[in-house]
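Here are the chains, one letter per residue:
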Amino acid sequence: MSSLRTPLKRARGLGAAKEGAHHWIYQRLTAIALIPLFIWFMSSIVIVISSDTNAILWLQSPMHAFLCIFFLIVMFWHGSLGIQVVLEDYVSCHAKKVFYIFLSKILCAAGAVAGIFSVLSIYLKG
Amino acid sequence: MSETTTTKRERPISPHLSVYKPQITSIMSITHRMTGIILLIGAFVFVGYLFSVAGLQSCDCIGRFFETIIGKIAISVWIAAFYYHFFNGIRHMIWDTGRGFEKQSVVNSGITTLILVIISLAITWSVAVGG
């Protein structure tokens, strides 16, 4: 997907940081994917809260389990891109900044994996 | 060497946020960031909830937390933050197409966003409580 950058742009290189376009593009792509997923998630929450069904029954449906995994991946991806910008803006010490961004990426990856693992284990029990 | 000492002096810095009057544009911009952080925290709590629902941990701490009044307030805050980040995110994507940057339209889209958040919250509240 790095082809979203033009060949000329890649040949010239991008400014001092040599990155940025990739971050920008993926922040928007994940945001667009999150629009329908958000609507699905919010309606699911309302249905689970207001009816007799519960989270286990809900995630034992293949469609909801699939969408939940998809949602977890895109949400943590979008969240890690977002928190990266916040850390870049507000942490002035370079070493700390790099460390916190590294830590945030690992935590987001771990969060997504733990979530996917839970959804699969609920689904497979059904 | 005298030039080096000059550059070490206190340089002017900007922006001086405190001298600005709070405006709908600046407040909504920082709120977008804050709701983003709140939602990322919520994402981890949601994963913890899924983890306990899956029976992968012995204590259902998060499920019990959701039953408490503080837990219910937290869920309400997350839902509100979700709606805000959703509608304001769409506003950002419209800006990305190069549209809506005139002073009046920035204010108008901000007000529209806030109204949509309130309406969505009211609908969610009435369905979740009444339905």
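Located above this text is the structure these notes cover.
Residues numbered from 1 in each chain as written. Chains lettered and ligands numbered in written order. Predicted model: local features only at pLDDT ≥ 70, side-chain atom pairs only at ≥ 80, totals over all residues. Heavy atoms only, no water.

(A) Summary view of the packing of helix H2 (residues 21-50) of chain A against helix H4 (residues 69-96) of chain B. Direction vectors running N to C along H2(A) and H4(B) enclose 135 degrees, while the axes themselves pass 11 Å from each other. Here H4(B) runs oblique to H2(A), going by the angle between their axes. The two elements H2(A) and H4(B) cross, and the hand of that crossing is left-handed. Every residue of H4(B) that contacts H2(A) at Trp24(A), Arg28(A), Ala31(A), Ile32(A), Ile35(A), Phe38(A), Ile39(A), Phe41(A) and Met42(A) is listed here: Ile79(B), Phe82(B), Tyr83(B), Phe86(B), Ile90(B), Met93(B) and Asp96(B). Classifying every residue of the contact of H2(A) with H4(B) by side-chain character gives 14 nonpolar, no polar and two charged. (Axes fitted to C-alpha atoms, helices over the stretch in contact; angles between N-to-C directions. Helix = DSSP H or I, 4+ residues; strand = E, 2+ residues; numbered from the N terminus. Parallel < 35°, antiparallel > 145°, perpendicular 65-115°, else oblique. Left-handed = near helix turned anticlockwise from the far one by under 90°. Contact = heavy atoms within 4.5 Å. Nonpolar A, V, L, I, M, F, W, Y, C, P; charged D, E, K, R; others polar.)

(B) Examining the interface of chain B and chain A more closely. Taken together, the 27 residues of chain B in the interface contact 38 residues of chain A. For the pairing of chain B and chain A, the buried interface totals around 2700 Å² over both sides, and the portion due to carbon and sulfur atoms is 82%. Inspection of the region where chain B meets chain A yields two salt bridges. Measuring nitrogen to oxygen at the nearest pair gives 2.6 Å for the salt bridge that ties Asp89(A) to Arg33(B). (Buried area = accessible area lost by both parts, 1.4 Å probe. Salt bridge = Lys/Arg side-chain N within 4 Å of Asp/Glu carboxyl O.)

(C) Structural detail: the nonpolar core. Cys68(A), Phe71(A), Leu72(A), Phe76(A) and Val119(A) are the most contacted members of the largest nonpolar core, which has 40 residues in total. The set of elements that each furnish at least two residues to this core consists of H2, helix H3 (55-59), helix H4 (62-90) and helix H5 (94-125) of chain A together with helix H2 (24-53) and H4 of chain B. When residues of this core are assigned to their parent elements, the largest contribution, 10 residues, is made by H4(A). Leave out the neighbours within four places in its chain, and Val119(A) touches Leu59(A), Ala65(A), Cys68(A), Ile69(A), Leu72(A) and Leu50(B). Of all hydrophobic cores here, the second largest spans five residues; its members include Ile62(B), Phe66(B), Ala74(B) and Trp78(B). (Core = buried A, V, L, I, M, F, W, Y, C linked by side-chain atoms within 4.5 Å. Buried < 20%, exposed > 50% of the residue type's maximum accessible area, 1.4 Å probe, protein only.)

(D) Geometry of the layout of surface pockets. Estimates place the volume of the largest pocket at around 1200 Å³. Surrounding the largest pocket, 40 residues form its lining, Gln27(A), His32(B), Arg33(B), His85(B) and His92(B) being those nearest its centre. Secondary structure elements with two or more residues in the lining of the largest pocket: H2 and H4 of chain A together with H2 and H4 of chain B. Of all the elements, H2(B) adds the most residues to the lining of the largest pocket, at 10 residues. Tallied by class, residues from the lining of the largest pocket come to 23 nonpolar, 13 polar and four charged. Roughly 1000 Å³ of internal volume is contained in the second largest pocket. For the lining of the second largest pocket, the elements supplying multiple residues, two or more each, are H2, H3 and H4 of chain A together with H2, helix H3 (61-67), H4 and helix H5 (103-130) of chain B. Residue contributions to the lining of the second largest pocket peak at seven residues, all from H4(B). A class-by-class count of the residues in the lining of the second largest pocket yields 24 nonpolar, five polar and two charged. (1 Å grid on protein atoms, 1.4 Å probe; cavity = no way out; pocket = protein on both sides within 12 Å on 5 of 7 lines; lining within 4 Å. Points joined across faces, edges and corners; volume = space filled by probe spheres on them.)

(E) Local environment of the pattern of salt bridges. All told, the structure shown has two salt bridges over all chains when counted by the stated rule. Between Arg28(A) and Asp96(B) there is a salt bridge, with its nearest N and O atoms 2.7 Å apart. Of the two residues, Arg28(A) sits in helix H2 while Asp96(B) sits in helix H4, which places them in two different chains.

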